[in-house]
Each structure stands twice: as structure tokens, then as C-alpha cells.
Amino acid sequence: MSEPLSRARMRELLGTRRIEHVVVLGANGTMGYGSGALFARSAARVTFLARTRDKAAEGLARAVKQVRSPAIAERVALGSYDADLERAVAEADLVFEAVAEDPAVKRPLFERIDAARRPDAIVSTVTSGLSINQLGEGRSASFRRHFLGLHFFNPPNVIAGTELVPGRETDAALTDFVEAYATLELGRVTVRTEDTPGFAGNRVGFKVLNEAAGLALEHGPMLTDRLIGPYTGRALAPLATIDLVGWDVHAAIVDNVFANTDDEAHAALALPAFMRELIGKGVLGRKSGGGFFKRDAEKRKLVLEPKTGDYTLASEVTLPALPFIERVSERHRYGDYRGALAELARAEGEYARLAKRVLAGYVSYALHRVGEVTRSLRELDLIMGFGFNWAPPGVLIDAFGASVMADLMEASGVPVPAALERARRGEAPRFYDDRATGIGRFFVAAPAAS
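Since the model is a prediction, treat every value here as computed from it, not as a measurement. (Residues numbered from 1 in each chain as written. Predicted model: local features only at pLDDT ≥ 70, side-chain atom pairs only at ≥ 80, totals over all residues. Heavy atoms only, no water.)

Q: Before we go on, may I ask you to explain the overall build of the protein chain in this structure?
A: Across its full length, the protein chain carries 20 helices and 11 strands. For 450 residues, the compact-globule estimate of 2.2 N^0.38 gives 22 Å, and the protein chain sits close to it at 22 Å. For the protein chain, the spread of C-alpha atoms along the principal axes amounts to about 65 × 55 × 40 Å. Taking contacts inside the protein chain between residues at least 6 apart in sequence as the whole, the part at least 24 apart equals 72%. Surface exposure of the protein chain reaches about 18,600 Å², of which carbon and sulfur atoms provide 50%. Averaged over its 57 positive side-chain charges, the protein chain has a centre that lies 4 Å from the centre of its 57 negative ones. (Helix = DSSP H or I, 4+ residues; strand = E, 2+ residues; numbered from the N terminus. Rg over C-alpha atoms; globule rule 2.2 N^0.38 Å. Contact = heavy atoms within 4.5 Å. Areas by Shrake-Rupley, 256 points an atom, 1.4 Å probe, with all protein chains shown as cover. Lys, Arg positive; Asp, Glu negative; His and termini not counted. Charge placed at Lys NZ, Arg CZ, Asp CG, Glu CD.)

Here it is as C-alpha cells:
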């Protein structure tokens, strides 16, 4: 991978080409209309395409509602794939594909784009983990040189983290330009990743989410989300996150990573059998009306019993006393983040050990991916912090202390990365490298109760 671009170099790169017309495919989907709204703030023209013009219009209405800016509609034209794709693509500087996460759906559209695009037009996909190189197979050499992944996180108007994923044949100068455009024009925290399954954020993040889903089978969703909740440095507890993302999307991501990788935590990426069974019955999280949690007709919170598929009133679920979480959360509220994690490190008992095992596994897995999915820990830290809104691995190491984190890994039975072993000997005192962001940003959502 190339070295990070300076802000001055990015400003120079913006002068090498212009993005005045963006075409968005899949504009009626959540990522399509959210990304389209983002482009409409920068580009002079944006065309929303969907299966029908009415679907594209629905996407525009949702985009306006999401960003609360009717003004973006003034820059947006609407169309359908059948009637308008070739004409719109022929005039596009950037074609942004956001259709279903399925190569069988994407590839026929790429074939049409390839035939219609200008030779210098950029083509990007918002895939959350499919191979950029494989998606570009069979396309022209010009298409492949101008093709890359631009993975926004949902919703793009709120979450700034973005993964930039060039393929083997993507032109290096074009990749540099897209990084500058995404960073300076779209306001992204842009991280380059390798073209590996799940890229960086989803590779690491969904390992933790899937691990939590497995724990729900034994401990129940409420206790699991309490143990791995905001006090551990995340804006939303893991099972609530899966419900928000969608069980089908979660399954597609972990199935892709499980099928195409073989690392030290491979077993943790196997989708729990109960989830696959319930997905088959239509349980998809919030989009289907319920997942690990849902509301009844009276708006009361219900909790899934994973072993049976039944739901119980949350008010009838009794959780064990967890005083260590209260102590940790109290320190967070006063901004004593290192003191908070020292409290967690000292905590004893089965549930404290479980929480520490998940955190140690997260940090271990992330550090073992450095050099495989990103050039350095800094990029991985940025995407976990600004894409997932989780405390980055480097923040947790610095806050716990390298020696304490290494001890937690050993006690939890997860491998200690070489970089942490060196730090334990005093060779690398600091891991988190984004000095413009205080670590309190990642613990502001740490209430006394989840």
C-alpha cells in the first residue's frame, strides 16, 4: 500500500479532475439514497436510478427526509435502469453502484455500465465485503483501471468512516484522487484497505458481533448486550446493532468471511444455527419488526429466547447483579477513561471475565489483521472508531495499558500479537495514533445501564 496522502497533496489532486455528475444505482435502497444525498451536497448533478422511476422517487424522498434538506432535490434527476441507465452513465463522471449485495445482481449492471461509460469515468461499488477483483472480472481493461470499492457506513450522513478499496488493476493516481475527493469534498474519514473478505471494518467488527450472537444462546440477549454494552466503548450494544443492520445482512457478511478466510478465530465467524433457522422464518431484525428485540402492539420491549424463537417481556427478564459495570460507567461519566478500564481489569467473577474475553479477543483479532487488511493499526483504528463508532483497538490498549491488555489476552486464551509483546517489554508505549481525537469520543455513550 502507498503512504498516506497529506492534506496538501489531496488539495492538489482535486485539481486533476472534476466530479460534476454522479449516477447512483440502487437509489431506492438505504445505502443508495443515503449515499446519493451525500453526493448531492458536492456534485452539481446526481441521477438516482432504480428498477422503476417511482422507486427512484421513493429513494429521493427518503434522502430528503434523512438529511432534512429539501434543497438536495434540486440537484437530483430520476430514472429507471431500463429507460435511462445508458444515457445517464454516458454523461457520468462517477457511477456509484449500491444494489443488492449479490454478484449475480451487480455483474449484469456492470456489463451495461462498461458499454456505456466514458473512458475516464470512475465506477465504484459500495459493497461491504465482496471482492473488488472478482466483481471486475470480465470487464474491459478501462473499466478495471477505473473501478474500486467505496464502502460508506450507514447512514453516510452520520457515520463518516469510509473504506477505499482499490483492485489489483485500479489506476494508482485515480485511487489517490478518489481518496482526496472522499475526504475533502464528501467529508469522509477515508481508510484504504486491501481487497480481502469483509475488508477491514466488517472483518473485525462482525467477528465481535457474531461472537455476541453466539453468547446470546447461552446467556440471553439482554445479559449479552449488558455485558458488551456501551461501557466497553461502543455507541450501540452488539445485538441491537445486528437488529439495526439486519440479520440477513449480518449473515451475508459473516458467511462471506467464514467461507473465504481461515484465521486464528475462524470458528467465531460461523453464523449461529438458531439465527440461520430464524432468518429462514423471516426474522430479519428491525426491518421485519423484530430480531433479538422487538416491540409489541403496546410498545413494550420484548426479548428473543434464541433456543425456542419465542419472545418474553423485557420487564420479566431478571439480570444478575453486575456492580463492576456500574463502577466502570461511573468513571466514564467523569471522563476518567483509564480509571474506568482499570476498574474493568480488576473486576472478578464469571460475567466480568466474559466481558474481558470479548474485549481481549477484539483487540487481538484486530492486531493480527494489520498487514493483511490494512497497512497499519492506524487505519484499522480509524475505521473501527469512525465507521463502527467503537473504541478502536489502539485506544483500548493505551487505556488498559499494554501489559494489562496482554495479560487479559493470556487469561482469556486468545493469542497475544507480537506488537503487544514488544510493548509489554516497553518498546512501543503508545498505540493510538490519531492525536486529533481524544479517547473520550468513544466512551461518551457509556451509561450506568444499557
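Q: How should I be thinking about the layout of surface pockets in this particular structure?
A: The gaps of empty space that remain are located by a probe, the size of a water molecule, rolled over the atoms. Of the voids in this model, the largest pocket is the one considered here, and its volume is about 1,400 Å³. Along the walls of the largest pocket sit 47 residues, with Thr30, Met31, Asn154, Val245 and Val249 positioned nearest its centre. Split into classes, the residues belonging to the lining of the largest pocket amount to 25 nonpolar, 15 polar and seven charged. (1 Å grid on protein atoms, 1.4 Å probe; cavity = no way out; pocket = protein on both sides within 12 Å on 5 of 7 lines; lining within 4 Å. Points joined across faces, edges and corners; volume = space filled by probe spheres on them. Nonpolar A, V, L, I, M, F, W, Y, C, P; charged D, E, K, R; others polar.)

Q: It is not clear to me how the sheet that holds strand 11 (residues 310–313) should be interpreted in this structure. Could you clarify?
A: Strand pairing in a sheet takes place through backbone hydrogen bonds and is either antiparallel or parallel in direction. In spatial order, the strands read 9-10-11; together these three strands make up an open sheet with antiparallel pairing. Strand pairing shows two members of the sheet lacking a second neighbour, strand 9 (293–295) and strand 11, which therefore form its edges. Along the sheet, successive strands turn relative to each other by an average axial angle of 40 degrees, direction set aside. The sheet contact formed by strand 9 and strand 10 (residues 301–305) spans three bridges and is antiparallel. What sits directly across from arginine 295, in strand 10, is lysine 301. (Pairing = 2+ DSSP bridges. Axes fitted to C-alpha atoms, helices over the stretch in contact; angles between N-to-C directions.)

Q: How should the environment of phenylalanine 386 be read in this particular structure?
A: Considering the arrangement of structural elements, one finds phenylalanine 386 in helix 17 (residues 377–386). On the accessibility criterion, phenylalanine 386 (11% relative accessible area) is buried. For the pair phenylalanine 386 and phenylalanine 153, spaced 233 residues apart in the sequence, the C-alpha separation amounts to 9.1 Å. Setting aside its immediate chain neighbours within four residues, phenylalanine 386 contacts Ile159, Ala160, Gly161, Val189, Tyr432, Asp434, Thr437 and Arg441. (Buried < 20%, exposed > 50% of the residue type's maximum accessible area, 1.4 Å probe, protein only.)

Q: What exactly am I supposed to notice about empty space enclosed by the protein here?
A: Tallied over the entire structure, the rule returns one cavity of 30 Å³ or more. Quantified by volume, the largest cavity comes out at close to 40 Å³. In the lining of the largest cavity, the residues fall into seven nonpolar, no polar and no charged.

Q: What is the right way to look at the side chain of serine 80 in this model?
A: Tracing the backbone shows serine 80 in strand 3 (residues 76–80). At 3.2 Å, the side chain of serine 80 and the backbone nitrogen of alanine 83 are in polar contact. Sequence-distant contacts of serine 80, defined by excluding residues within four places in its chain, comprise Leu49, Ala50, Arg51, Thr52, Arg53 and Leu85. (Polar contact = N/O pair within 3.5 Å; in protein donor to acceptor, adjacent residues only side chain to side chain.)

Q: Sorry, what's going on with the side chain of histidine 151 here?
A: When you line up the elements, histidine 151 lands in strand 6 (residues 147–152). Residue class for histidine 151 comes out buried when judged on its relative accessible area of 5%. Leave out the neighbours within four places in its chain, and histidine 151 touches Thr125, Val126, Thr127, Ser128, Gly161, Thr162, Glu163, Phe199 and Asn202.

Q: So what exactly am I meant to see when it comes to the nonpolar core here?
A: Within soluble globular proteins, side chains that are nonpolar generally end up buried alongside one another. Core analysis: the biggest nonpolar cluster contains 84 residues, and Trp247, Phe292, Phe324, Leu396 and Leu420 have the highest contact counts within it. The biggest single contributor to this core is helix 16 (residues 350–369), with 11 residues. The contacts of phenylalanine 324, once residues within four sequence positions are left out, are Leu227, Tyr231, Leu344, Ala347, Tyr351 and Ala352. Residues Val22, Val24, Val64 and Ile72 belong to the second largest nonpolar core, which totals 37 residues. (Core = buried A, V, L, I, M, F, W, Y, C linked by side-chain atoms within 4.5 Å.)

Q: I would appreciate a short explanation of the packing of helix 16 against helix 18 (residues 393–400) in the present structure.
A: Packed helix pairs are characterised by how far apart their axes lie and by the angle those axes make with each other. At a minimum axis separation of 9 Å, helix 16 and helix 18 run at an interaxial angle of 125 degrees. Taken together, helix 16 and helix 18 sit at an angle that is classed as oblique. Seen from above, helix 16 lies across helix 18 with left-handed handedness. Along the contact surface, helix 16 presents Leu359, Tyr362, Val363, Ala366 and Leu367, while helix 18 presents Pro393, Leu396, Ile397 and Phe400. For the contact of helix 16 with helix 18, a count of residues per class yields nine nonpolar, no polar and no charged. (Parallel < 35°, antiparallel > 145°, perpendicular 65-115°, else oblique. Left-handed = near helix turned anticlockwise from the far one by under 90°.)

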